[in-house]
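Structural features, examined
Take a look at the letters that make up each chain.
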Amino acid sequence: MDGGLAGLLITLFLLSILWFLIWRIDRKRSQLPPGPAPWPILGNLWQKDVLPLYRTYDKLSRTYGPIFTIWLGLKPVVVLCGYEVVKDALLGHSEEFGGRPEIPLAMQLSKDYGFISNNEKKWRELRRFTLSTLRDFGMGKNSMSQRVQKEAQHLVELLTKLKGDMGPVHPRPQGRSTTFPNIMHHLPGPHRKALAECEKLKDYIRQKVEIHKLTLDPSCPRDYIDCFLMKAEKEKSSPENMYSNEDLVMSVFNLFGAGTVTTSNSLVFFLLILAKYPHIQAKVQEEIDAVVGTGRAPSMEDKLKMPYTNAVIHELQRFHKTRVENFPRMTTQDVVFRGHTIPKDTTVIPVFSSVHMDPTQWENPEEVYPGHFMDEKGEFRKREAFMAFSAGKRMCPGEALARIELFLFLTTLLQSFTFQLAVTYEEMDLFSLWIEIERRAIPGTFFAIRRPASS
Ligand code: HEM
């Protein structure tokens, strides 16, 4: 066969693969909610008017409606926007939208062990066990708040030592799913480093588990690991074995991963906004001074007497535009939802920012307005459209602990310090500032100035 004919055959072969892929996507697209046209193979990746979603969801939902489909490579993802739609999916169709998709890098790390598993039965069992064990150890209760209080005091001491210069503030960018796992697995890049760091953390947890095994006293379990080991012993003859050693390591890893970055990122974001809006910061400090004073540390009992601070914390969580692709869901069965048929095993992203910016729910969605969470008497009021911890059967199991952490860390810091933006960044709009900080691009963004009253 001469070179020309071989070339022609190869071209025909490649064209027919391309045609097949286009045909397959077109067929699938016709069965899904509408959305921007994907490119073959890449889908909507690298289309700037589609991704990243946190910048474009508003425009896309105005064009295609509050339920639309985008393509991450060859994979369709249904995006849900606005309070009514997200509430209906997470609460009204809780079972149907209650799965978790396989996130390739997370799967590579977990091998489906642990409690953010996409094996529904295992997830249910380990979530129930984890929640009841953590509650027994005081999650959301007074004993836990005392520990958080101590941690907050350590932070104040550290900042005092650093003389208020917080140096580079680096919230960790939250995990992003990759679309071409088999390719990514062989390529260098930050994901490889992240995976290696995670493996180190898993090794550390493994060592802790081994020490616990040697020192376990079943009449007096010390912590979650002890309780898990005791449960594993009871369940060892069960054919399903959901309490293996690796399930324990991954469950601790899951709690650590889901509980630390979210809380620390929220706190950094709070401080940034308060530095940008000094009048709100000053009003919170006034309330701290009036209720707590300077002679003792803030406690959870103070929260009831501090409606403004409580409202500010909720408002800052509402205003925090987290990356929308975190915590995706998956349909567990074919579901007919608001006129659309969404097949089983489709990845679904509920956009919480769209709920928190929904003009039908919030008086001033685009502004930082603590009044959203206060009634006419100046008391704190809950809002149904507040979904920072999500809703329904997969909602955040760490909410009670996170609330304690956010309140105690923020009030303890503001009791001792006033936060100020470095002059260079004063004019920058908040959202760009946050994105820059997430990219680790800005060292020395803001400073903690010791307050005279507490020095
Ligand atoms: C400000 C702090 C936090 C925020 C904003 C937050 C928010 C969230 C959100 C939005 C979800 C997704 C739920 C869904 O898919 O519907 C989630 C899940 C989760 N969170 Fe949190 N979280 C925080 C702190 C914590 C803490 C302190 C812990 C652990 C003690 C924790 C553990 C988890 C776990 C394990 C999941 C997965 C639940 C599951 O799939 O069943 N989170 N969180």
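Rules behind the numbers
- Within any chain, residue numbers begin from 1 and follow the written order of that chain's sequence.
- Reporting of local features is limited, given that this is a predicted model, to residues whose pLDDT is at least 70; pairs of side-chain atoms are given and counted only at 80 or more, and all residues count toward the totals for whole chains, interfaces and linings.
- Only hydrogens and water are set aside; all other atoms, that is, all heavy atoms of the structure, feed into the side-chain values.
- In this description, strands pair whenever DSSP reports at least two bridges between them.
- The way it works is that DSSP assigns letters per residue, a run of H or I at least four long becomes a helix, a run of E at least two long becomes a strand, and they are numbered from the N terminus.
- Here a residue-residue contact requires only that any non-hydrogen atoms of the pair lie within 4.5 Å.
- An axis is simply a line fitted to the C-alpha atoms; with a helix, the fit covers only the stretch in contact. Between two such axes, the angle follows the N-to-C directions and lies from 0 to 180 degrees.
- Put simply, a salt bridge is a Lys or Arg side-chain nitrogen that is within 4 Å of an Asp or Glu carboxyl oxygen.
- Residue burial is assigned from relative accessible area. The probe radius is 1.4 Å, only protein chains are included, and a residue is buried under 20% of its type maximum, exposed over 50%, and partly exposed in between.
- Note on donors: an N, O or S atom is included if it sits within 2.8 Å of the metal, or within 3.2 Å for Na, K and Ca, and water is never included, so sites can look incomplete.
- Side-chain atoms within 4.5 Å link the members of a nonpolar core, which is a set of buried Ala, Val, Leu, Ile, Met, Phe, Trp, Tyr and Cys residues.
- We call a residue near a molecule or strand whenever a single non-hydrogen atom of that residue lies within 4 Å of it.
- Side-chain classes follow a simple rule in which Ala, Val, Leu, Ile, Met, Phe, Trp, Tyr, Cys and Pro form the nonpolar group, Asp, Glu, Lys and Arg form the charged group, and the remainder, Gly included, forms the polar group.
- Centres within 6.5 Å are what make two rings of Phe, Tyr or Trp a pair, Trp counting through its six-membered ring; a difference in plane orientation under 30 degrees is then read as stacked, over 60 as edge-to-face, and the rest as tilted.
- Expected span of a helix, by definition, is 1.5 Å for each gap between consecutive residues, and there is one gap fewer than residues.
- UniProt positions are given in the numbering used here, feature names are shortened, and annotations may be inferred rather than shown by experiment.

Here we look at the sheet that holds strand E1 (residues 67-72)
- Strand order in the open sheet formed by four strands is E1-E2-E6-E3, and the pairing between neighbours is mixed. Only two strands of the sheet have a single neighbouring strand rather than two, namely E1 and strand E3 (329-330).
- The pairing of E1 with strand E2 (residues 75-80) spans six bridges and is classified as antiparallel. For Ile70, the partnering residue across the bridge sits in E2 and is Val77.
- Packing of helix H2 (residues 53-64) onto the sheet brings it into contact with E1, E2 and strand E6 (347-350), and relative to E1 it is tilted by some 130°.

As for the pattern of salt bridges
- A complete count under the given rule lists 24 salt bridges for this structure.
- Of the charged contacts in the structure, one is a salt bridge between Lys393 and Glu95, with a shortest N-O distance of 3.2 Å. Of this pair, Lys393 sits in the loop between helix H13 (352-356) and helix H14 (399-416) while Glu95 sits in the loop between helix H3 (83-92) and helix H4 (104-110), and the two are 298 residues apart along the sequence.
- Overall, Glu95 belongs to the partly exposed group, its relative accessible area being 40%.
- Note that Lys121 is salt-bridged to Glu240, the shortest N-O span being 2.5 Å. Of the two residues, Lys121 sits in helix H5 (residues 120-136) while Glu240 sits in the loop between helix H9 (224-235) and helix H10 (245-276), which places them 119 residues apart along the sequence.
- With relative accessibility at 49%, the residue Lys121 sits in the partly exposed group.

What to know about the coordination of the iron atom of the ligand
- Exactly one donor from the protein chain reaches the iron atom of the ligand: Cys396 (SG), at 2.3 Å.
- By the element assignment, Cys396 lies in the loop between H13 and H14.

A look at the environment of Leu216
- Residue position: Leu216 is located in the loop between helix H8 (190-215) and H9.
- When the C-alpha atoms of Leu216 and Ile342 are compared, they prove to be 48 Å apart, with 126 residues separating the residues in sequence.
- Residues in contact with Leu216, not counting those within four places in the same chain, are Arg222, Asp226, Leu229 and Met230.

Some words on the nonpolar core
- By size, the foremost hydrophobic cluster in this structure holds 85 residues, and its most contacted members are Leu80, Phe337 and Phe419.
- Among all residues touching Phe337, those that are not within four sequence positions of it are Ile67, Leu80, Val85, Asp88, Ala89, His93, Phe97 and Ile342.

Focus on the site of the ligand
- Around the ligand lies a shell of 23 residues, among which Trp123, Arg127, Arg329, Ser390 and Cys396 are the nearest.
- Elements that contribute at least two residues to the shell around the ligand include exactly H5, H10 and H14.
- By residue number, the principal contributor to the shell around the ligand is H10, which donates six residues.
- Looking at the shell around the ligand, its residues break down into 13 nonpolar, six polar and four charged.

As for the packing of aromatic side chains
- With the rule as written, the count across this model stands at eleven aromatic pairs.
- Measuring from centroid to centroid gives 5.9 Å for Phe129 and Tyr224, while their planes differ by 50°, and the two rings are tilted. Of the two residues, Phe129 sits in helix H5 while Tyr224 sits in helix H9, which places them 95 residues apart along the sequence.
- By relative accessible area, which is 8% here, Phe129 ends up buried.
- Note on Tyr224: relative accessible area 8%, which makes it buried.
- The interplanar angle of 85° and the centroid separation of 5.5 Å between the aromatic rings of Phe129 and Phe228 together place this pair among those described as edge-to-face.

Describing H2
- With twelve residues, H2 should reach 16 Å at 1.5 Å per residue; the first-to-last C-alpha distance of 14 Å falls well below that figure.
- Where the residues of H2 are buried, they touch E1, E2, E6, H13 and helix H15 (430-438).
- Trailing H2 by a residue or two, Gly65 shows a phi angle of about 95°, which is positive.

Observations regarding the UniProt feature "transmembrane region" (unreviewed entry) in the chain
- Cross-referencing UniProt, the feature "transmembrane region" (unreviewed entry) maps to residues 6-23 and 252-275 in the present numbering.
- Measuring from the first to the last C-alpha atom of residues 252-275 gives 35 Å, for a span that is 100% helix and 0% strand.

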